Amino acid sequence: MIEIKGIEQHYDWGGEFYIPLLTGQEHASGEPMAELWLGDHPNGVATLTNGIPLTDWMAADYQGRLGDSCIKHYGKRLPFLLKVLDVKAPLSIQVHPTKKQAEKGYDLEQGLSIEPSKRNYKDANHKPELMLALSDFWLLHGFKSEKEITALLSKEESLESLLSPFTEGGTKQLVSYIFALSASELAPLIMPIVNRYLDAYQENRLSKNNAYFWMMRAYMRAASANAQLEAGLLMVLLLNLCYVAKGGVIFQDAGIPHAYLEGQNIELMANSDNVLRAGLTSKHVDPKELLSIVNFDPVKAESISPIAKDGGLEYPVPVNDFCLTEYRLQAGESLSLPENPGPCIWFVLSGEMTVNGQDKYWRNGSAFYQEPGNTSTIYAQTELVIYRSSAKL
Ligand SMILES: [Zn+2]
């Protein structure tokens, strides 16, 4: 087992304090610390403590560090990417492709000369993801039911014109319709709602469990950046608003539109950065490609209950690329890390521990790479919460 250091991503929606407090690392004041990446994705490669990139270290001995079955299934790279997120402002509404869609899209875009920020497909992989809330967490996840959307369009007088595309062709036609509207065509739909709720939002009279709170927050951000009105503001009302209590876990499969709104989480996903966006931020939106991969079926975010396995709690997901397992130890307890045929990344969320009886203490924010076949033992010095990411091989 070898210690690794994550890479921080300074996206503008990130908070300033959570990740630096967690990892104990210095950071330039005022700079947002949105994500900590623990993996080998080209957009953010973790390093060993001596600064050597994880990719170089793996390349020196792929067989020993990834294992034959991992290489066979996923190639010479990690199957998964582990992240910690601190969401202060809403992220874009986004959708991730299936493996097939990603392969096709990546191939096609490779042949065209598109500037990187306008690319939909940055790699040929799917990106199902699992999130575990480290605080109260709010997100949008999947479309509401037909009944709920009908009720919304009937209740909001300014949205009445949307009833006919919706009745004709369901959610898909409705979404295609609003994405085809210009900012000036969107204004009579959106502004009456903004005028009705903005004071309440600013005076703190809207709950975070009320979708209008998030619509107003997104509107205010766009307004302060002098951005035009966009269809994403209406999407906030069409998607399910979910509150996840600390410790809760949600899985997001290909095609499910979603947006993180606020809170901190651990995210584990297939090793990909393929994101198609549907607004709420200034990032590139490609409505045509988006509409071709979105799942318009109504869904409810299902929280995932863990099952006891190998002395820990495993969160079952319907993909093989990744698996998150939580271990909780009391002070004085030890854990022999379960042997794995592939690589594992470990992350210490809280507490203090030693490894293999060495004379060194590791604390919250530390991360480790466990090679296939390695069997280290960790000793909890205090109450310890530690997570393992692995692939099913
Ligand atoms: Zn996502």
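It should be noted that the structure appears before, not after, this text.
Residues numbered from 1 in each chain as written. Predicted model: local features only at pLDDT ≥ 70, side-chain atom pairs only at ≥ 80, totals over all residues. Heavy atoms only, no water.

Enquirer: Would you mind going over the pattern of salt bridges with me for this structure?
Expert: For side chains of opposite charge, pairing can occur when their charged atoms come near one another. In this structure the tally under the stated criterion is 13 salt bridges. Among the salt bridges present, the one from Lys-99 reaches Glu-103, with a minimum N-O distance of 3.1 Å. In this pair, Lys-99 and Glu-103 both sit in helix H5 (residues 99-110), 4 residues apart, roughly one turn of the helix. Look at Lys-99 and you get partly exposed, because its relative accessible area is 36%. For the salt bridge of Lys-309 with Glu-314, the shortest nitrogen-to-oxygen distance reads 3.5 Å. A relative accessible area of 43% means that Lys-309 is categorised as partly exposed. (Salt bridge = Lys/Arg side-chain N within 4 Å of Asp/Glu carboxyl O. Helix = DSSP H or I, 4+ residues; strand = E, 2+ residues; numbered from the N terminus. Buried < 20%, exposed > 50% of the residue type's maximum accessible area, 1.4 Å probe, protein only.)

Enquirer: Any chance you could explain the packing of helix H8 (residues 183-202) against helix H9 (residues 211-224) here in plain terms?
Expert: Geometrically, a packed helix pair is captured by the angle between its two axes and the distance between the axes. Where H8 contacts H9, the axes come no closer than 9 Å and their chain directions differ by 100 degrees. Classed by the angle they form, the pair H8 and H9 counts as roughly perpendicular. Counted together, Ile-190, Met-191, Ile-193, Val-194, Tyr-197, Leu-198, Tyr-201 and Gln-202 of H8 and Tyr-212, Phe-213, Met-215, Met-216, Arg-217, Tyr-219 and Met-220 of H9 form the full contact between these two elements. The residue makeup of the contact of H8 with H9, split by class, is 13 nonpolar, 1 polar and 1 charged. (Axes fitted to C-alpha atoms, helices over the stretch in contact; angles between N-to-C directions. Parallel < 35°, antiparallel > 145°, perpendicular 65-115°, else oblique. Contact = heavy atoms within 4.5 Å. Nonpolar A, V, L, I, M, F, W, Y, C, P; charged D, E, K, R; others polar.)

Enquirer: What is the right way to read the sheet that holds strand S1 (residues 2-5) from this model?
Expert: Remark on secondary structure: sheet strands pair via backbone hydrogen bonds, oriented parallel or antiparallel. Strand order in the open sheet formed by 8 strands is S4-S1-S20-S17-S22-S15-S14-S13, and the pairing between neighbours is antiparallel. Single-partner strands in this sheet number two, and they are strand S4 (47-48) and strand S13 (307-309). For strand S14 (residues 312-315) and strand S15 (residues 323-329), the ladder comprises 3 bridges, and the chain directions are antiparallel. Bridge assignment links Tyr-315 to a residue of S15, and that residue is Leu-324. (Pairing = 2+ DSSP bridges.)

Enquirer: Would you mind going over the environment of Glu-26 with me for this structure?
Expert: Among the structural elements, Glu-26 can be located in the loop between helix H1 (18-23) and strand S3 (35-38). By relative accessible area, which is 78% here, Glu-26 ends up exposed. With 245 residues separating them along the chain, Glu-26 and Asn-271 place their C-alpha atoms 27 Å apart.

Enquirer: Hey, could you run me through the pairing of strand S22 (residues 384-390) in this one?
Expert: Most of S22 sits out of view: 7 of its 7 residues are buried. Residues Leu-384, Ile-386, Arg-388 and Ser-390 line one face of S22 and the alternating positions Val-385, Tyr-387 and Ser-389 line the opposite face, and both faces are buried. Across 7 bridges, S15 lies against S22 in antiparallel orientation. By the bridge assignment, Cys-323 is partnered in S22 with Ser-390. In this structure, strand S17 (residues 344-350) lies alongside S22, joined through 5 bridges in antiparallel fashion.

Enquirer: Teacher, can you tell me more about the packing of aromatic side chains here?
Expert: Each aromatic ring pair is specified by the distance between its two centres and by the angle formed by the two planes. This model, assessed by the stated rule, comprises 11 aromatic pairs. Aromatic side chains Tyr-11 and Trp-13 sit 5.7 Å apart centroid to centroid with 35 degrees between the ring planes, which places their arrangement in the tilted category. Aromatic pair Phe-143 and Phe-296: ring centres 5.5 Å apart, planes at 20 degrees, arrangement stacked. With Phe-143 in strand S8 (residues 137-143) and Phe-296 in the loop between helix H11 (287-293) and S13, this pair connects stretches of sequence that are 153 residues apart. Of the two residues examined, Phe-143 and Phe-296, each falls in the buried class. Grouping aromatic residues by their ring pairs yields a cluster made of Trp-138, Tyr-201, Phe-213, Trp-214 and Tyr-243. (Phe/Tyr/Trp six-rings, centres within 6.5 Å; stacked < 30°, edge-to-face > 60°.)

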